[in-house]
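A structural walkthrough
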2 protein chains.
Amino acid sequence: MNPRNTKATIFDVAERAGVSIKTVSRVVNNEPNVRERTRNRVLQSVRELSYQPNAAARELSGKRSRVIGLIYENAQEFGYLNDVFNGALGICEPAGYSLLLRPLTLPDSKITEHIRQFAINARLEGIVLPAPMGDLPEVLALLREMRIPFAAITPREPAPDEINILCNDEAASFSLTELLIGQGHQAIGFIKGHPDHGASAKRFAGYRHALKKNRFAYAAPLVRQGYFDFDSGRIAAGKLLDLAEPPSAILASNDDMAAGAIFEARERGLTIPGDLSVAGFDDTRFSSRIWPPLTTVRQPIIKMAETAAGLLIDKLNGSATKAPEAPFECEVVIRESTAHLT
Amino acid sequence: MNPRNTKATIFDVAERAGVSIKTVSRVVNNEPNVRERTRNRVLQSVRELSYQPNAAARELSGKRSRVIGLIYENAQEFGYLNDVFNGALGICEPAGYSLLLRPLTLPDSKITEHIRQFAINARLEGIVLPAPMGDLPEVLALLREMRIPFAAITPREPAPDEINILCNDEAASFSLTELLIGQGHQAIGFIKGHPDHGASAKRFAGYRHALKKNRFAYAAPLVRQGYFDFDSGRIAAGKLLDLAEPPSAILASNDDMAAGAIFEARERGLTIPGDLSVAGFDDTRFSSRIWPPLTTVRQPIIKMAETAAGLLIDKLNGSATKAPEAPFECEVVIRESTAHLT
DNA sequence: CAGCAAGCTGACAGCGTTGTCAATATTAGC
DNA sequence: GCTAATATTGACAACGCTGTCAGCTTGCTG
């Protein structure tokens, strides 16, 4: 009943359909110049035999390896990567592509060499670059030089003919800031993200934009540099709370730093959100599990990864280039870590 | 300076070394019957040309695909999987194997069909089964039937000739329970893990063992069923706290459930660890980031995954079977969510 | 030093596809 | 209805490697 442990070959299909293997190849690869009747006959046999082309033979014969690489930062928040993996895998498999992972530890002075080796050894046809990989100029330069198509997921100005997936970080940051303003907060601290990440600038821009629109003066001491990790959030929050006039709300550029801020506030005996409102960005796995649950911004990562992989595969398959996608919509998730100023 | 975008073939190496391609093949595959001098000459050429065999040609010609699958539960705590991925990838790549990921959503009534298709399509030579995949009897049965070697990471009774990696869950659970007992807790609640996971039974056994050794009566109401997720931990903790004589400490079978327990306790106005000590299992990413930081147990997941992949590859390469590994050692990590009873 | 086994090496045929190009079938044009 | 042009099909050679097997070298035995 089940297909056995073996696979039908192109010969089996050809024989059953009464055509040459070359014709089967044409049908399977959607090439033109096959009569409709013939095509149907072949497709029928393909179905009956559950034929699937042998990837190794294909790669050896043609130039195509049908392998896509996914390069990611190892230390990265893993909920994000989980979604990226799932999105990309979900698209690659049905399309007949394999997805190969390559963790990288940043900073990495030999990063281009690592990627080059990876690309050559695995014979990659294309590469998916989740943030922050798409933010590294040397990586982009390398891939352009090697002429390997890639799809970056990052708020980058998309170069012509390059695939870039982004969401409206800035608008979400704007909304989140306005939410805090609407709650009566007058002094809102901001913890910036890692300067090498494209998202950092966008999120900061949204904050400034909201301040401006609401006629708040921009106060430099209320803005601190963080690096997207828990500890940097904790330290930055500490500095904000040390101010003579500390903020009543802190907006961190991601949830790890927001968790750090909450941790630091707790250590100082402050209650959240009574004494301090805290909001983050990303809606990671633990955002809803810490106490209090974190107000944050959710991105449709899975969809973004699916789109990235899909557009990349379209490009590799030589399909018509899709119109550049509009940014994906982020969603502000309001939980209990933020509250109206009493 | 850098190797170019192209790869040397076996012909290039053979020519340079002045031997036939077959001899190069022998050297590269570590086959016997090559004179030492010849072997060195070939290795020299291999090095000079940075030769790496073409995987597609190898697969097409020989029977070996050098592809290993990694099947995992999608919803899984991702810090665990991150470590598994990194461990396995770190071993596979240098050994010349590719690692293909396959997320699965449990429960899955068609799981065997999914795995079968995956194995056939990707021509898997072997499979790594992180928990809880190695706990599913139908999966094990399928792989045995298909004669695909696998390495399970789970506290399972290792069948002869099968690779199984485990750590001393039970001993760690025992220590953790004794820790709580040592802190003066008289009533210690326990939240069991998902019944389909092998680890659940082990962790529970450690708890019971510690009670027994310390001459504590086993009280059934203090033990609640959980399913390794946050919500089930929350619910189970709720039931424990509803008891007429609630426990002063709760040991949850993983950190997600421990986080749920803390959450629930907070909602009821209890302070941790003042009113209630809570401990978990796994040392996930957020264990040290919630407040208070969680007392838990850390497993050497990366090493376990490395060992699993390494033994599997050894088996595929036909190397001598290693002696069965001793269980890996877990480490109890004491943080602030547990305290002496005052 | 012949005779034989074991050690070493290479020629050659696949492996299952795709690319090339020639052969054949169909259609269009007049 | 015939020819030219075009659409469809197939024969065959790669692709880069491993398996098989035969041939050539050694080294050992008596």
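Rules and cut-offs
Residues numbered from 1 in each chain as written. Chains lettered and ligands numbered in written order. Predicted model: local features only at pLDDT ≥ 70, side-chain atom pairs only at ≥ 80, totals over all residues. Heavy atoms only, no water. Least-squares fit on C-alpha atoms with pLDDT ≥ 70 in both. Contact = heavy atoms within 4.5 Å. Pairing = 2+ DSSP bridges. Helix = DSSP H or I, 4+ residues; strand = E, 2+ residues; numbered from the N terminus. Axes fitted to C-alpha atoms, helices over the stretch in contact; angles between N-to-C directions. Near = heavy atom within 4 Å. Polar contact = N/O pair within 3.5 Å; in protein donor to acceptor, adjacent residues only side chain to side chain. Buried < 20%, exposed > 50% of the residue type's maximum accessible area, 1.4 Å probe, protein only. Nonpolar A, V, L, I, M, F, W, Y, C, P; charged D, E, K, R; others polar. Arc of directions from axis to C-beta. Buried area = accessible area lost by both parts, 1.4 Å probe. Salt bridge = Lys/Arg side-chain N within 4 Å of Asp/Glu carboxyl O.

The two chain copies are connected by a rotation around an axis plus a translation along it. Rotating chain A by 180 degrees and translating it 0.1 Å along the rotation axis places it on chain B, where the RMSD comes to 0.1 Å. Put plainly, the chains are arranged around a two-fold axis. Within chain A, Ala-56 of chain A has its C-alpha nearest the rotation axis, a separation of 2.2 Å. Of the interface residues in chain A, 100% have counterparts in chain B that sit at the interface too, so the contact is made through matching surfaces.

Right, let's get into the sheet that holds strand 3 (residues 126-130) of chain B. Residue and element names in this part refer to chain B. Read across the sheet, five strands follow the order 2-1-3-4-5 without closing on themselves; strand pairing throughout is parallel. Strands at the two margins of the open sheet, each flanked by one partner only, are strand 2 (98-104) and strand 5 (163-165). Here the strands of the sheet are splayed against their neighbours by 20 degrees on average, with no regard to which way each runs. In this structure, strand 1 (residues 67-73) lies alongside strand 3, joined through three bridges in parallel fashion. Across the sheet, Leu-70 pairs through a bridge with Val-128, a residue of strand 3. In the packing of helix 6 (residues 111-121) onto the sheet, contacts are made with strand 1, strand 2 and strand 3, and the angle to strand 2 comes to roughly 160 degrees. Sitting on the sheet, helix 7 (residues 137-146) touches strand 3 and strand 4 (150-153), and the angle it makes with strand 3 is about 170 degrees.

Here we take up the sheet that holds strand 9 (residues 277-279) of chain A. Residues and elements named next belong to chain A. The parallel open sheet is built from four strands, whose spatial order is 7-6-8-9. At either end of the open sheet lies a strand with only one pairing partner, and these are strand 7 (223-225) and strand 9. Across the sheet, the mean angle from the axis of one strand to that of its neighbour is 15 degrees, orientation sign disregarded. Note that strand 6 (residues 188-192) and strand 8 (residues 249-252) share four bridges and pair parallel. For Ile-191, the partnering residue across the bridge sits in strand 8 and is Ala-252. Packing against the sheet, helix 9 (residues 198-213) makes contact with strand 6, strand 7 and strand 8, and its axis sits at approximately 165 degrees to strand 6.

Glancing now at the protein's contact with DNA strand D. Lining the immediate surroundings of DNA strand D are 25 residues, of which Arg-26 and Thr-38 of chain A together with Ile-10, Ser-25 and Ser-61 of chain B lie closest. Each atom of DNA strand D within 4 Å of the protein belongs either to a base or to sugar and phosphate, the latter forming 57%. Within the side chain of Lys-22 of chain B, an N or O atom sits 2.7 Å from a base nitrogen of DNA strand D. A distance of 2.8 Å separates a phosphate oxygen of DNA strand D from a polar atom in the side chain of Asn-29 of chain B.

Here we take up helix 6 (residues 111-121) of chain A. Every buried residue of helix 6 of chain A is accounted for by Ile-111, Ile-115, Arg-116, Phe-118, Ala-119 and Ile-120 of chain A. Directly after helix 6 of chain A, the chain includes Arg-123 of chain A, whose backbone phi takes a positive value near 50 degrees.

Further remarks concern the protein's contact with DNA strand C. Within the structure, DNA strand C sits among 26 residues, and Ser-25 and Ser-61 of chain A together with Thr-23, Arg-26 and Thr-38 of chain B are positioned closest to it. Sugar and phosphate atoms form 59% of the subset of DNA strand C atoms that lie within 4 Å of the protein. Here a phosphate oxygen of DNA strand C sits 2.8 Å away from a polar atom, N or O, in the main chain of Ile-10 of chain A. A distance of 2.5 Å is found between a phosphate oxygen of DNA strand C and a side-chain nitrogen or oxygen belonging to Thr-38 of chain B. Classifying every residue of the surface near DNA strand C by side-chain character gives nine nonpolar, eleven polar and six charged.

Residues and elements named next belong to chain A. Among all positions of helix 1 (residues 10-17), only Val-13, Ala-14 and Ala-17 are buried. Taken end-on, helix 1 shows its buried residues confined to a sector of 100 degrees, consistent with a single buried face. What points out from helix 1, more than 90 degrees from its buried face, is the exposed set Phe-11 and Glu-15. In this fold, the buried residues of helix 1 make contact with helix 2 (21-28) and helix 3 (36-49). Measuring from the backbone nitrogen of Phe-11 back to the side-chain oxygen at the start of helix 1 gives 3.1 Å, which picks out Thr-9 as the cap.

Moving on, we get to the interface of chain A and chain B. Facing 47 residues of chain A, the contacting portion of chain B comprises 47 residues. Counting the surface lost from both chain A and chain B, the interface buries some 4500 Å², and carbon and sulfur atoms represent 54% of this. Across the contact surface, chain A and chain B share four salt bridges. Residue Glu-93 of chain A pairs with Arg-102 of chain B through a salt bridge whose shortest N-O separation is 3.4 Å. For the interface between chain A and chain B, the tally reads eight residue pairs in polar contact (both at pLDDT 80 or more). Residue assignment for the side of chain A that touches chain B shows that the elements contributing at least two residues are helix 4 (55-61), helix 5 (78-92), strand 2 (98-104), helix 6 and helix 11 (255-267) of chain A. Counting residues per element, the side of chain A that touches chain B draws most heavily on strand 2 of chain A, which supplies six residues. Here the residues of the side of chain A that touches chain B are counted per class, giving 21 nonpolar, twelve polar and 14 charged.

Turning our attention to the environment of Ile-91 of chain B. Residue and element names in this part refer to chain B. For Ile-91, the position within the fold is in helix 5 (residues 78-95). Among the residues examined, Ile-91 registers a relative accessible area of 26% and is labelled partly exposed. For the pair Ile-91 and Leu-176, spaced 85 residues apart in sequence, the C-alpha to C-alpha distance is 32 Å. For Ile-91, the residues in contact, after removing those within four places along its chain, are Glu-306, Ala-309, Gly-310 and Ile-313.

Residue and element names in this part refer to chain A. For Thr-296, the location among the structural elements is in strand 10 (residues 296-298). At 3.2 Å, the side chain of Thr-296 and the backbone nitrogen of Asp-282 are in polar contact. Here the side chain of Thr-296 touches Asp-283 through a polar contact of 3.1 Å, landing on its backbone nitrogen. Apart from residues no more than four positions distant in its own chain, Thr-296 is found in contact with Asp-255, Gly-280, Phe-281, Asp-282, Asp-283, Ser-287, Glu-331, Val-332, Val-333 and Arg-335.

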